[in-house]
Amino acid sequence: IGINRVPRAATARIEHLNYICVHAHFYQPPRENPWLEEIELQDTAYPFHDWNERVTAECYEPNSVARILDTQNRIVRIVNNYSNISFNVGPTLMSWLERGNPEVYHAILNADREGKRRFSGHGNAIAQAFHHMILPLANSRDKETEIVWGIADFQRRFGRDPEGMWLPETAVDVESLELLAKHGIGHVILSPYQAGRVRRTGAAVDWQDVNGGRVDPSRAYRAALPSGKSLALFFYDGPLSQAVAFERLLDNGERFANRLASGFAADRKGPQLVHIATDGETYGHHHRHGDMALAYALDYVERNKLATVTNYGEFLEKHPPQFEAEIIERTSWSCAHGVGRWERNCGCSSGGHWGWTQEWRAPLRKAMDWLRDKSAAQYERLAKELIEDPWEARDQYIRVVLDRSAESRADFLAERSRGALTQANQIRVWKLLELERHALMMYTSCGWFFDDLSGIETIQIIQYAGRVVQLYEALTGEAIESEFCELLAAAVSNVPEHGNGAAIYRRAVDANRVDLSKLAAHYAISSLFETYQDKTDSYAYRCERDSWLDLSSGRLRLLVGSATFTSKTTAERTRQIFGALHFGDHNVTGGVAPDPGPEAFAEMQKTFTSSFERADIPDLIRSIDKAFGGNTYTVQSLFRDEQRRVLREVLESTVEESEGAFRRLYQQHAPLMRFLGALKIPLPMVFQSTAGTALNGMLRRALSDKGGPIIDVERVKSILEEARSAGVVLDITAHEYALRRRIEGEAAEFLKSPKSIYRIEALIASASLQSFAPFHVYLSPAQTRAYQVMEGHYSKMKKRANAGDAVAIQWVMRFEELAKLLSLNLPASVGSIA
């Protein structure tokens, strides 16, 4: 790939007066369903479950294990890029990583600790305003909460106070800087185009106007604030950051390193800082192998003593600001019109849709502001009856958001409430605070950033608004949804079939809105396809089953039970009875109702049992309708992930049966197809369809775990050759993903049992297919696991092999074969096998 080539041994850190700092802003917007608190399946991220998972695979994980290669493109070292750069990771992304990919999450935390060791006690991580809200467009209360929450989240994860904070989109105003300084933030990073005037501190000279990006980025500046407080400003190198993000500078790591080093002025005395800031997703997601280019560039800088790699905290300690700067109010790094991109049709867009307008932005913000202000007034009115200081309580609610345990909740209420609260009033407090949390979330900047109102980012913030409406109406008894939708209706999509904001709201919110009854219905129907314990968590709810009747007859199955359902966010709970009837395919009917009491419920069970035992299906369906008052549900009522899982399960036998039929037809007519192919005669359409369905199914099965404990290499090669000969279009994305996961699984098992010959051979078998597959296979996770085994065991096993140990000889021979497949550069100092 032409980058990261280095014969290299680690070198000691050499101090220069020339410093380089790379800052990466890693962030994904919150994507959780507001009612379930989990990300549901996102088809646009295929073959991954959702975009967080996909971008993690393409960027966040590779940066934690970035490769440095030798001249033959073999892996020499694997490094954690987060240890060598300044970075922030958005709190909503860190929260997801903690649950969704703990390995990457802990690599980021470890990198900050390594940064403290390496950079004079200054960690690499800085905080971020919590929900990525555009602070200059927020009111003062919301600005402060976003900053306080960002700091608290950082402290909980990194175990220290943040020295700096990333402002979303670098959007800044003086009030935001005042609040940052008030809460102990020492520095922020801004675009050079956000600098207004500069002057040397203490000098009797006039301010110099640098508006237009002419500020010198090589030094730190002090912002003296009206309150008397101050903090440091770093204005990143604009052209260099632009080249990294948009001009393919990451195509070559050495060129990247030299471009960084070229930023120093040869005729200047004293310290100079060349620093850049980009979206962290640049390194791998936007630019493939950008993680490797970054690793190589910083390694090259240090190995060739071009500069000292540093972070902002260390640079500030060693070289405090000698200059002052004033910002340009209400500006950002991604809008040439200040902060217009998040409030009006300023002309900034993604640029992919000629003729589209962003006139929808202004009415969308107007609607959100109306809902925010209306909710804030009711929150303050209702909350002060229950807690001492509603707004201070909102600031501190982040403690509960980060830890929803009973102990955390009890501590919060003990400190904040006006005396002992009844359970009903405790639930009321949690609903009020959740009202405010979702009111903050509906200002996530991505909702306005892109081209159309119907984009998934904008739909997401509209869903958060829907949750605000639901909580508001439940708390106040006042219906506001219609009025809110009237305001949204003024926002019109560029795509006619999507209509306006009100239509989008109805579709997005109505389809996703959840209450405890809908949760109970999901639990009842999903229980037909999944075995639950008596106590189980389902998304943001706790389900405790206390009665259960399970009857089966052939493909027919009936479940009748009762359970208590509790929201883990609001603590609201209800006891519901439910029934669900499965006819053996996708046809399911079920119902839920409030608990009618033990006697009535027992009688209901008897009725259901009698009808079921008589196999009187019409009577059973009538009984369900009567028992649950017509409040019945089907598979369509399941939440999206469970719905897909159930339908896959229902379809599996049907698909296998259909593929079997195609496979038999293909095998029957394969000789004729091969004969026609040899004569270059196009296959009839029916033969093409038969071959395509059969061979794709056969390949999918051969690559999966169902194909056997060790992948049948010859079988896979045979299918690929038949597909090539027949001109079959393979489902490349699905097959690459299946082979990737197979290889990753084998590598993970090898790491667990590193001395197992069987595990090496299983991994060799799956990894060997990369050279035969008509697609590029992503090997990074497997390479990482094999590299870990190499570092921990290869030298020891090689020494044992040299001493004549037969098992070690076999292990070394097989591992060296694996190393070749995975492009690992084996240590050369161990000697050869005798």
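From a predicted model like this one, the values you see are computed outputs, not experimental measurements.

Caption draft 1: Region of the structure containing the sheet that holds strand S10 (residues 221-224). Strand order in this open sheet of six strands is S7-S11-S10-S14-S8-S9, and the pairing throughout is mixed. With partners counted over all chains shown, the strands left at the sheet margins are strand S7 (187-190) and strand S9 (208-209), one partner each. Both strand S8 (residues 195-200) and S9 contribute to a ladder of two bridges, which runs antiparallel. Each residue of the ladder has a partner; that of Val198, found in S9, is Gln208. Across the sheet, helix H5 (residues 174-182) is in contact with S7, strand S11 (230-235) and strand S14 (323-327); its angle to S11 comes to roughly 120°.

Caption draft 2: Structural context of empty space enclosed by the protein. Taken as a whole, this structure holds seven cavities of 30 Å³ or more when the rule is applied. Approximately 70 Å³ is the volume attributed to the largest cavity. Surrounding the largest cavity, 13 residues form its lining, Val89, Pro91, Ala127, Asp153 and Phe154 being those nearest its centre. Only strand S4 (86-89), helix H2 (91-100), strand S5 (127-128) and helix H4 (140-158) provide two or more residues apiece to the lining of the largest cavity. Among the elements that make up the lining of the largest cavity, the one with the highest residue count is H4 (five residues). Here the residues of the lining of the largest cavity are counted per class, giving eight nonpolar, three polar and two charged.

Caption draft 3: Looking closely at the pairing of strand S3 (residues 75-79). Burial analysis of S3 places four of its five residues in the buried class, which makes it a mostly covered element. Where strand S2 (residues 66-69) lies against S3, four bridges are found, and the strand directions are antiparallel. Each residue of the ladder has a partner; that of Ala66, found in S3, is Val79. Connecting S2 to the antiparallel partner S3 that follows it, the hairpin turn spans five residues, and Asn73 within it adopts a positive phi of roughly 60°.

Caption draft 4: Structural view of the pattern of salt bridges. Per the stated rule, a full pass over the model turns up 66 salt bridges. Notably, a salt bridge pairs Arg416 with Glu392, separated by 2.4 Å at the nearest N-O pair. Taken together, the residues span a long stretch of sequence, with Arg416 in helix H13 (residues 406-416) and Glu392 in helix H11 (residues 390-396) at a distance of 24 residues. The exposure class of Arg416 is buried, given its relative accessible area of 14%. The partner of Arg614 in a salt bridge is Asp619, with the nearest N and O atoms 3.2 Å apart. Salt bridges sharing common partners tie together Arg742, Glu746, Glu749, Lys752 and Arg759.

Caption draft 5: How the structure looks around the nonpolar core. Grouped together as the largest cluster of nonpolar side chains are 94 residues, with contacts concentrated most on Leu364, Met368, Tyr379, Met442, Phe484 and Phe565. With nine residues, helix H16 (residues 456-476) is the largest single contributor of residues to this core. Apart from residues no more than four positions distant in its own chain, Phe484 is found in contact with Ala367, Met368, Trp370, Leu371, Ala465, Val469 and Tyr505. Counting residues in hydrophobic clusters, the runner-up holds 76 residues, among them Leu93, Leu97, Ala223 and Leu240.

Caption draft 6: Quick peek at helix H6 (residues 238-246). Those residues of H6 lying buried are Gly238, Leu240, Ser241, Ala243, Val244 and Ala245. Its buried side turned inward, H6 meets helix H7 (253-261) and strand S12 (272-279). With a side-chain oxygen positioned 3.0 Å from the backbone nitrogen of Leu240, the residue opening H6 is Asp237. Positioned one or two residues after H6, Arg248 has a phi angle of 60°, which is positive.

Caption draft 7: Inspection of the sheet that holds strand S19 (residues 588-594) at higher detail. Judged by pairing direction, the sheet is antiparallel, and its six strands sit side by side in the order S15-S16-S17-S18-S19-S20 without closing on themselves. The outermost strands of the open sheet, each flanked by one partner alone, are strand S15 (535-538) and strand S20 (632-633). The sheet contact formed by S15 and strand S16 (residues 541-553) spans four bridges and is antiparallel. The residue bridging Lys535 from the neighbouring strand is Glu544, located in S16.

Caption draft 8: Structural view of the packing of helix H14 (residues 423-441) against H16. Their axes nearest at 8 Å, the elements H14 and H16 cross at an angle of 155°. Classified by the interaxial angle, the pair formed by H14 and H16 is roughly antiparallel. Once H14 is placed against H16, the crossing between them reads as left-handed. Residues Arg428, Lys431, Leu432, Glu434, Leu435, His438, Ala439 and Met441 of H14 form the contact with H16, whose own contacting residues are Ile461, Tyr464, Arg467, Val468, Leu471, Tyr472 and Leu475.

Caption draft 9: Broad picture of the packing of aromatic side chains. With the rule as written, the count across this model stands at 33 aromatic pairs. Linked through ring pairs, Phe130, Trp149, Tyr397, Phe412 and Trp430 together constitute an aromatic cluster. Taking NZ or CZ as reference, Arg219 lies 4.0 Å from the ring centre of Phe323, over its face. Above the plane of the ring of Phe449 lies Arg341, whose end atom (NZ or CZ) is 3.6 Å from the centre.

Caption draft 10: Representation of unusual backbone geometry in the model. Put simply, Tyr46 and Pro47 share a cis peptide bond, and its omega is 5°. Along the chain, Pro47 falls in the loop between strand S1 (18-26) and helix H1 (51-64). In this model, Ser120 sits at a positive phi of 60°, which is unusual for a non-glycine residue. Within the secondary structure layout, Ser120 lies in the loop between helix H3 (102-118) and S5. The exposure class assigned to Ser120 is partly exposed, which follows from its relative accessible area of 38%. Positive phi, close to 55°, is recorded for Arg330, a residue that is not glycine.

Caption draft 11: Region of interest: the environment of Arg800. Inspection of the secondary structure assignment puts Arg800 in helix H27 (residues 780-802). Its relative accessible area of 35% is what places Arg800 among the partly exposed residues. Each C-alpha atom of the pair Arg800 and Val812 lies 9.5 Å from the other, and the pair is twelve residues apart in sequence. The contacts of Arg800, once residues within four sequence positions are left out, are Asp805 and Ala808.

Caption draft 12: Fine view of the pairing of S11. Taking burial as the measure, the six residues of S11 include five buried ones, the bulk of the element. In terms of strand pairing, S7 meets S11 through four bridges, oriented parallel. Residue pairing for S11: Ile189 is matched across the bridge by Phe234. Here S10 runs beside S11; their pairing, made up of four bridges, is antiparallel. Each bridged residue has a counterpart across the sheet, and for Ala224 the counterpart in S11 is Ser230. In sequence, S10 turns back onto S11 through a hairpin of five residues, with Gly228 there showing a positive phi of about 100°.

About the cut-offs
Residues numbered from 1 in each chain as written. Predicted model: local features only at pLDDT ≥ 70, side-chain atom pairs only at ≥ 80, totals over all residues. Heavy atoms only, no water. Pairing = 2+ DSSP bridges. Helix = DSSP H or I, 4+ residues; strand = E, 2+ residues; numbered from the N terminus. Contact = heavy atoms within 4.5 Å. Axes fitted to C-alpha atoms, helices over the stretch in contact; angles between N-to-C directions. 1 Å grid on protein atoms, 1.4 Å probe; cavity = no way out; pocket = protein on both sides within 12 Å on 5 of 7 lines; lining within 4 Å. Points joined across faces, edges and corners; volume = space filled by probe spheres on them. Nonpolar A, V, L, I, M, F, W, Y, C, P; charged D, E, K, R; others polar. Buried < 20%, exposed > 50% of the residue type's maximum accessible area, 1.4 Å probe, protein only. Salt bridge = Lys/Arg side-chain N within 4 Å of Asp/Glu carboxyl O. Core = buried A, V, L, I, M, F, W, Y, C linked by side-chain atoms within 4.5 Å. Polar contact = N/O pair within 3.5 Å; in protein donor to acceptor, adjacent residues only side chain to side chain. Parallel < 35°, antiparallel > 145°, perpendicular 65-115°, else oblique. Left-handed = near helix turned anticlockwise from the far one by under 90°. Phe/Tyr/Trp six-rings, centres within 6.5 Å; stacked < 30°, edge-to-face > 60°. Lys NZ or Arg CZ within 6 Å of the ring centre and 35° of its normal.

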